[in-house]
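# Understanding the architecture of this molecule
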Amino acid sequence: MLYIKCPHCGLRSQNEFSYGGDATVKRPELNKEVSDQNWDNFVYLRKSPRGKHLELWQHISGCRQWIKVERDTLTHEIFKTLKANEEL
Amino acid sequence: MQKYSVFSLVKNAFGGHKDWEVAWKDPTPKSEYDVIIIGGGGHGLATAYYLAKEHNITKVAIIEKGWIGGGNVGRNTTIIRSNYMHDENGLFSEFGMNLWRNMSQDLNFNVMFSPRGIINLAHSDAQMNVYSRRGNSMRLNGIDAVLLNREEVKKIIPMADFSENVRFPIFGGLMQPSAGTARHDAVAWGYARQADSMGVDIIQNCEVTGFDVSKGKILGIRTSKGDIKAKKIGLCVAGSTNVLAEKLNMTLPIETHLLQACVSEPIKPILDNVVTFGAGHFYCSQSDKGEMVMGGDLDGYNSYAQRGNLPTLQHVLTEGIAMFPFLSKLKMLRTWGGIMDMSMDGSPIIDKTHIEGLYLNCGWCYGGFKATPASGWTFAHTIAQDKPHELNAGYSLNRFSTGHLIDEKGLGTKTWIS
């Protein structure tokens, strides 16, 4: 069981959260010319590192806020949690 | 190579079983090969076997970080099927079914292929319609499919929950009678033994630490046992694909996720088939030892841990008990996990790459075991001929950017969305 410290609610069990994937991918800017490669990068391509991974989770059974979590994908150690609009 | 038969068994019994030849050797790596296959799992071993058998390329090395068959080929739930709707998946898998049917004879190794049939349960009229459509697509591709109504399902699996007041009543199911199971370890060992006998070097406990690439061409690999040259290199490393891709400065349409499986204590024979729950993600069969072999959802977040987390296991087994209430009486014998190369459309990739001489075999999600022979056969062809076979032409790497996705279920890495 993972325990995730929600920046809004405190330490809660993994059961309250829903996973949202890699938090480092950036959606191409609106109203600008976007190449196919840029869309490809955003929609499909992922680094999926073994080790530190910055990812999105939603506290779906709590405050319902999206948060960022820096977690090790090999050991599951959680180094840091942030509000969705905060940078690491 | 020594042939396994009843005569060799009797002969060696008289000798106290001391004179059996080793099944495969433990060579030190040569400085150069024609082809290097990275990954000594089912797909890698099968690729080396078909390179030697079908294409006469025997100066081949398999480089394995751990021991052969220690990854997903030793961790799966042994299900073999070709019940796909899309042509790419259906024709590819059915080609594989034919290889499965002859595998024990072909490899002179009993892989215990057991075509016991798979039933996908339906729990609504809408789901029956979807299954009927999929069954028709399968039959158009020459794959056997039978749509069963509730009574027909009840005759085959009377121990399932057929009571009236359940959340997900059984409406019927789609059956592929020719689907089944096989002894997973034997598949790895059988391929390894034959590949070795044809001259393939199986190099274990050897980690790939880097690649030698120059002017867009692959020249060789760096390993914990030294540098090895090769003009052609194939990657067959499933959940570790992204780790090696990073060393090649490649970003792939793949995430690595963890999938768990488990077995119960052994019980007397009760279940003849493979059965899947249609209102969630749970599948079950009974091994020859009597254990109920079960699996289901991914843990749900990127993971390289090769061990699972209890909330997912509990969720999966809740579905299992909804389908087969008797499971609640059984003790769990063993649980384990493996890391899956989840592609973004749920279908695999067998293709060339932008680096000349580098070939990619990945994205099997959690359907890799059944694909072992067809994957090895087509990957060997792709490497030997330097172009995909028509069976794996759809499994291209660039289909994501060109929009030619094979969205069998349209789930990709987020399988829990269903």
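Structural notes, computed from the coordinates. (Residues numbered from 1 in each chain as written. Chains lettered and ligands numbered in written order. Predicted model: local features only at pLDDT ≥ 70, side-chain atom pairs only at ≥ 80, totals over all residues. Heavy atoms only, no water.)

Scanning chain A from terminus to terminus reveals one helix and six strands. Tracing chain A from N to C terminus, the helices and strands come up as β-β-β-α-β-β-β. C-alpha atoms of chain A, sized along the principal axes, occupy 40 × 30 × 20 Å. Burial status across chain A gives 39% buried among its 88 residues. (Helix = DSSP H or I, 4+ residues; strand = E, 2+ residues; numbered from the N terminus. Buried < 20%, exposed > 50% of the residue type's maximum accessible area, 1.4 Å probe, protein only.)

Another point: the overall build of chain B. Looking only at helices and strands, one finds 11 helices and 18 strands in chain B. Taking 22 Å as the expected radius of gyration for a compact globule of 418 residues, we find that chain B reaches 22 Å, a close match to that expectation. With the C-alpha coordinates of chain B rotated into their principal frame, the extents come out at 65 × 65 × 40 Å. Residues classed as buried in chain B amount to 59% of the 418 residues present. In the structure as shown, chain B presents an accessible area of about 17,600 Å², 52% of it carried by carbon and sulfur atoms. Here chain B holds 41 positive side-chain charges and 40 negative ones, and the gap between their average locations is 3 Å. (Rg over C-alpha atoms; globule rule 2.2 N^0.38 Å. Areas by Shrake-Rupley, 256 points an atom, 1.4 Å probe, with all protein chains shown as cover. Lys, Arg positive; Asp, Glu negative; His and termini not counted. Charge placed at Lys NZ, Arg CZ, Asp CG, Glu CD.)

Any two side chains of opposite charge can pair, given that their charged atoms come close. Residue and element names in this part refer to chain B. With the rule as written, the count across this model stands at 16 salt bridges over all chains. Asp-201 is the partner of Lys-30 in a salt bridge, and the nearest nitrogen-oxygen pair spans 3.0 Å. In this pair, Lys-30 is assigned in the loop between α1 (6-14) and β1 (32-38) and Asp-201 in strand β8 (residues 201-203), connecting sequence segments 171 residues apart. Note that Asp-106 and Lys-53 form a salt bridge whose closest N and O atoms lie 3.3 Å from each other. (Salt bridge = Lys/Arg side-chain N within 4 Å of Asp/Glu carboxyl O.)

Attention now goes to the sheet that holds strand β15 (residues 292-302) of chain B. Residue and element names in this part refer to chain B. With respect to topology, eight strands assemble into an open sheet ordered β5-β6-β4-β13-β14-β15-β12-β16, the strand pairing being mixed. With partners counted over all chains shown, the strands left at the sheet margins are β5 (146-149) and β16 (332-343), one partner each. When the angles between neighbouring strand axes are averaged without regard to direction, this sheet yields 25°. Pairing between β5 and strand β6 (residues 172-176): four bridges, direction antiparallel. Within the sheet, the bridge partner assigned to Leu-147 lies in β6 and is Leu-174. (Pairing = 2+ DSSP bridges. Axes fitted to C-alpha atoms, helices over the stretch in contact; angles between N-to-C directions.)

Many structure descriptions define interface size as the accessible area lost when the parts assemble. Each partner contributes residues to the interface: chain A has 21 residues there, and chain B has 24 residues. With both chains or domains summed, chain A and chain B bury close to 2,100 Å², and 52% of this area falls on carbon and sulfur atoms. Broken down by secondary-structure element, the contributors of at least two residues to the side of chain A that touches chain B are α1 (36-43) and β4 (52-58) of chain A. When grouped by side-chain class, the residues that make up the side of chain A that touches chain B number nine nonpolar, seven polar and five charged. (Contact = heavy atoms within 4.5 Å. Buried area = accessible area lost by both parts, 1.4 Å probe. Nonpolar A, V, L, I, M, F, W, Y, C, P; charged D, E, K, R; others polar.)

Residues and elements named next belong to chain B. Of all seven residues in β1, five are buried; the element is thus mostly enclosed. Strand direction decides the pairing type here: β1 and strand β2 (residues 60-63), joined by four bridges, are parallel. Bridge pairing in β2 places Ile-38 opposite Ile-63. Handedness of the crossover is the feature at issue here: the chain leaves β1, passes through helix α2 (residues 42-55), returns alongside β2, and the resulting connection is right-handed. (Right-handed = clockwise from strand over helix to strand, strands pointing away.)

Here we come to the state of the cysteines. All names here are of chain B. Counted under the stated rule, the structure contains zero disulfides over all chains. Here Cys-236 stays unpaired: no disulfide links it, and the sulfur of Cys-362, its closest cysteine neighbor, is 9.3 Å away. Look at Cys-236 and you get buried, because its relative accessible area is 9%. We note that Cys-284 lacks a disulfide partner, and the nearest cysteine sulfur, in Cys-262, lies 8.7 Å from it. (Disulfide = S-S within 2.5 Å.)

All names here are of chain B. Packing of helix α3 (residues 87-101) against helix α10 (residues 372-385) brings their axes to within 7 Å, and their N-to-C directions diverge by 105°. Taken together, the axes of α3 and α10 lie roughly perpendicular to each other. Residues Phe-92, Phe-95, Gly-96, Leu-99 and Trp-100 of α3 pack against Thr-372, Pro-373, Ala-374, Ser-375, Trp-377 and Thr-378 of α10. The class makeup of the residues in the contact of α3 with α10 is seven nonpolar, four polar and no charged. (Parallel < 35°, antiparallel > 145°, perpendicular 65-115°, else oblique.)

Here we come to the packing of α2 of chain B against helix α7 (residues 184-197) of chain B. Residue and element names in this part refer to chain B. Contact geometry of α2 with α7 gives a least axis separation of 9 Å together with a crossing angle of 35°. The handedness of the crossing between α2 and α7 is left-handed. Two secondary-structure elements touch here, α2 through Leu-45, Ala-46, Ala-48, Tyr-49 and Tyr-50 and α7 through Ala-188, Tyr-191, Ala-192, Gln-194 and Ala-195. When grouped by side-chain class, the residues that make up the contact of α2 with α7 number nine nonpolar, one polar and no charged. (Left-handed = near helix turned anticlockwise from the far one by under 90°.)

This part is about α10 of chain B. Residues and elements named next belong to chain B. Given a rise of 1.5 Å per residue, 14 residues ought to cover 20 Å, and the 20 Å separating the end C-alpha atoms of α10 matches this to within 8%. Burial within α10 is extensive, with 12 of its 14 residues counted as buried. Once α10 ends, the next one or two residues include Asp-386, with phi positive near 60°. (Expected span 1.5 Å × (residues − 1).)

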